[in-house]
Amino acid sequence: MRARREARELLAALAGADPRAALDIPRTRPESETLKGGTITDLVGLVFSGGSLVAAGIQVWLARVPQRTIVITRADGATRRITGKEARADSELIDRFLTDGTAGARDGDAREAGPGRQ
């Protein structure tokens, strides 16, 4: 808008010196054979946009899918479920659970159960 206004002001200043001065504004071309491949280009753009939407949907779905769960069972029948993330964060957790049975025990922890509870 500002550039057009400045162009008009310049044209008004030049019109006094040269009456043939005119503002040349490019016109839009009508839809014709000049746009070779225009429809296929639009189709390819639509396919890429759709592919991007599908990829984004898959990423959101994968983010909501639960992580892999590791189930550890001791000889006395107690089990412990931990995620892969927890196992990577504390690599000794599994060994402590199997040896002394107190690893990660919390009050009211539903993930660790005795032989009769699951």
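In this numbering scheme, every chain counts its residues from 1 along its sequence in written order. Local features in a predicted model are, by the rule used here, given only for residues with pLDDT of at least 70; side-chain atom pairs are given and counted only at 80 or more, and totals for whole chains, interfaces and linings are based on all residues. The side-chain values count all of the structure's non-hydrogen atoms but skip hydrogen atoms and water molecules.

Caption draft 1: Up close: the overall build of the protein. Strands are runs of DSSP state E lasting at least 2 residues, helices are runs of H or I lasting at least 4, and numbering of each runs from the N terminus. Scanning the protein from N- to C-terminus turns up four helices and three strands. What you see in the protein, going N to C, is helices and strands ordered as α-α-β-β-α-α-β. A total of 118 residues make up the protein; the buried ones form 14% of that total. Any two residues whose heavy atoms approach within 4.5 Å are treated as being in contact. Partitioning the contacts of the protein with sequence separation of at least 6, the portion at a separation of at least 24 is 32%. With residues, only the protein chains shown are counted as cover, and all accessible areas are computed by Shrake-Rupley using a 1.4 Å probe. When the accessible surface of the protein is split by element, carbon and sulfur atoms take 58% of a total near 10200 Å². Burial here depends on accessible area, computed with a 1.4 Å probe over protein chains only, as a share of the maximum for the residue type. Under 20% is buried, over 50% is exposed, and the range in between is partly exposed.

Caption draft 2: Focus on the pattern of salt bridges. Here, a salt bridge means any side-chain nitrogen of Lys or Arg that lies within 4 Å of a carboxyl oxygen of Asp or Glu. Applying the stated criterion across every chain yields a total of four salt bridges. A salt bridge links Arg74 to Asp76; the shortest N-O distance between them is 3.3 Å. The shortest N-O distance in the salt bridge between Asp90 and Arg96 comes to 2.5 Å.

Caption draft 3: Structural detail: the pairing of strand 2 (residues 79–83). Paired strands are those between which DSSP finds at least two bridges. The pairing of strand 1 (residues 69–73) with strand 2 spans five bridges and is classified as antiparallel. Paired with Ile70 across the two strands is Ile82, which belongs to strand 2.

Caption draft 4: Up close: the side chain of Arg74. With respect to the helices, strands and loops of the structure, Arg74 is situated in the loop between strand 1 and strand 2. Among the residues examined, Arg74 registers a relative accessible area of 16% and is labelled buried. Of note is the side chain of Arg74, whose polar atom sits 3.4 Å from the backbone oxygen of Phe97. Throughout this description, a polar contact denotes any pair of N or O atoms lying within 3.5 Å of each other; where both atoms belong to protein, one of them has to be capable of donating a hydrogen while the other can accept it, and for residues adjacent in sequence the pair is counted only when both atoms sit in side chains.

Caption draft 5: Representation of the environment of Glu86 in the model. Summarising the element assignment, Glu86 is placed in helix 3 (residues 84–89). Owing to a relative accessible area of 26%, Glu86 belongs among the partly exposed residues under this scheme.

Caption draft 6: Representation of the packing of aromatic side chains in the model. In this analysis, rings of Phe, Tyr and Trp, with Trp reduced to its six-membered ring, are considered paired at centre separations within 6.5 Å, and the interplanar angle assigns stacked below 30 degrees, edge-to-face beyond 60, and tilted for intermediate values. Under the counting rule described, the total for this entry stands at zero aromatic pairs. Here, a charge over a ring is recorded when the distance from Lys NZ or Arg CZ to the ring centre is within 6 Å and its angle to the ring normal is within 35 degrees. One Lys or Arg, Arg74, reaches over the ring of Phe97 and ends 4.5 Å from the middle of that ring.

Caption draft 7: Highlighting helix 2 (residues 38–64). With 27 residues, helix 2 extends 40 Å between its outermost C-alpha atoms, agreeing within 8% with the 39 Å of an ideal straight helix rising 1.5 Å per residue. In terms of burial, helix 2 is largely open, as just zero of its 27 residues are buried. Working rule for helices: expected span equals 1.5 Å times residues minus one.

Caption draft 8: Layout of a nonpolar patch on the surface. On the surface, a cluster of nonpolar side chains totalling about 610 Å² of accessible area is made up of Ile40, Leu43, Val44, Leu46, Val47 and Phe48. Secondary-structure assignment places Val44 in helix 2. A relative accessible area of 38% places Val44 in the partly exposed class. Note on patches: the residues involved have over 30% relative accessible area and no salt bridge, like charges join within 9 Å, and the nonpolar side chains Val, Leu, Ile, Met, Phe, Trp and Tyr join within 5 Å.

Caption draft 9: Here's a closer look at the confidence of the model for the protein. pLDDT is a residue-level measure of predictor confidence that goes from 0 to 100. Summing up the model confidence of the protein, the mean pLDDT is 76 and the portion of residues at 70 or higher is 75%. Within the protein, strand 3 (residues 112–113) has the poorest average pLDDT of any element, 46, and helix 2 the best, 89. Below pLDDT 50 for its whole length, residues 105–118 participates in 24 contacts with residues either more than four positions away or in separate chains.

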